[in-house]
Structures are given as C-alpha cells and as structure tokens.
Amino acid sequence: VVATIPVTDLERSRHFYEDTLGLAVLWDNPASVRFGCGGGSQLSIFRRGPSTADHTLSHFEVSDIEDVVSALEGKGVTFLDYTEGPLATAGHIAQLGPARAAWFKDPDGNTIGLRQA
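Being a predicted model, the structure only gives us computed values, none of them experimental.

Criteria and thresholds
Residues numbered from 1 in each chain as written. Predicted model: local features only at pLDDT ≥ 70, side-chain atom pairs only at ≥ 80, totals over all residues. Heavy atoms only, no water. 1 Å grid on protein atoms, 1.4 Å probe; cavity = no way out; pocket = protein on both sides within 12 Å on 5 of 7 lines; lining within 4 Å. Points joined across faces, edges and corners; volume = space filled by probe spheres on them. Helix = DSSP H or I, 4+ residues; strand = E, 2+ residues; numbered from the N terminus. Nonpolar A, V, L, I, M, F, W, Y, C, P; charged D, E, K, R; others polar. Core = buried A, V, L, I, M, F, W, Y, C linked by side-chain atoms within 4.5 Å. Buried < 20%, exposed > 50% of the residue type's maximum accessible area, 1.4 Å probe, protein only. Contact = heavy atoms within 4.5 Å. Pairing = 2+ DSSP bridges. Axes fitted to C-alpha atoms, helices over the stretch in contact; angles between N-to-C directions.

Caption draft 1: Spatial organisation of the layout of surface pockets. The computed volume of the largest pocket comes to approximately 300 Å³. Broken down by secondary-structure element, the contributors of at least two residues to the lining of the largest pocket are strand S4 (41-47), strand S5 (56-61) and helix H2 (65-74). With four residues, the single largest contributor to the lining of the largest pocket is S5. Partitioning the lining of the largest pocket into residue classes produces twelve nonpolar, four polar and one charged.

Caption draft 2: Looking closely at the nonpolar core. Membership of the largest hydrophobic core comes to 23 residues, with the highest contact counts inside it found for Tyr-17, Leu-21, Ile-45, Phe-60, Phe-79, Phe-104 and Leu-114. Broken down by secondary-structure element, the contributors of at least two residues to this core are strand S1 (2-7), helix H1 (10-20), strand S3 (32-38), S4, H2, strand S9 (99-105) and strand S10 (111-116). With residues near it in sequence (within four places) discarded, Phe-104 still touches Phe-16, Leu-21, Leu-72, Val-77, Thr-78, Phe-79, Leu-80, Asn-110, Thr-111, Ile-112 and Leu-114.

Caption draft 3: How the structure looks around the pairing of S3. For S3, the tally of buried residues reaches five of seven residues, placing the bulk of the element in the interior. Two strands pair when backbone bridges link them, and strand S2 (residues 24-29) and S3 are joined in this way by five bridges, in the antiparallel orientation. Looking across to S3, one finds that Asp-28 is bridged to Val-33. What sits between the antiparallel neighbours S2 and S3 is a turn of two residues. Pairing geometry for S3 and S4, over six bridges, is antiparallel. Note that in S4 the partner of Gly-38 across the bridge is Ser-41.

Caption draft 4: View of the sheet that holds S3. The sheet built from four strands is open, its strands ordered S1-S4-S3-S2 with mixed pairing. Two strands in the sheet have a free side with no partner beyond their single neighbour: S1 and S2. On average, each strand axis in the sheet is inclined to that of its neighbour by 20°, with strand direction left out of account.

Below, the structure is given as structure tokens:
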C-alpha cells in the first residue's frame, strides 16, 4: 500500500518529507514525488488544489518514539498535543492500548502520525 497525500506546493513538501523527515526519493515527476519509507512501504505526495482532512492521513511505525519526536522537534516540527480523551498526550505522546503515538502536520496542514507498537 502506498499512502498518497495531497499538497499545494510540491517543492516545499518535497523538502519537508525528504530533508526534514529523512525519506528517500524513489522517483519524481512534475505532479508528484514518491518516497521510500522502509520495509517496502512508500509515500506519495501529489500536487493539487487545497484540500482538508480532519484525520491522520498516514503514520510511520517507529521503534523509539521518544527519539523520533526529539529528532523531529530539533528540525522544527511542531507536534500536536491533546488534553482529553483517548489521545491525551504527555511529552507529545499518547498511550493507545499497547501502542504509543504522536502527531504533527506537514506544510499543507495534513496530519501525519508516528506509532510505536
């Protein structure tokens, strides 16, 4: 499965996903960029007009969520914090049953998550 995320500015988003998140570019064309995300998974960004979604569009499985949150914060990524309900966060991280998760937005406001099993 390839997660596909709409973006309004392909170059700005390419910089975020490639340089800030550290994803490897597999290929690109004038309308989209495909990234490798590890373990054979991929993420595609494609240029389109503004759109909104009020849910997580994609999440990355990580082995040490604290380290990843810290590293991304060091690169300027702002994490979403929740104070109530099942997504209540401490240090930007929520405990969801046996898993832990954190969320941030890309330059277009798309919600992206991190998850540690």
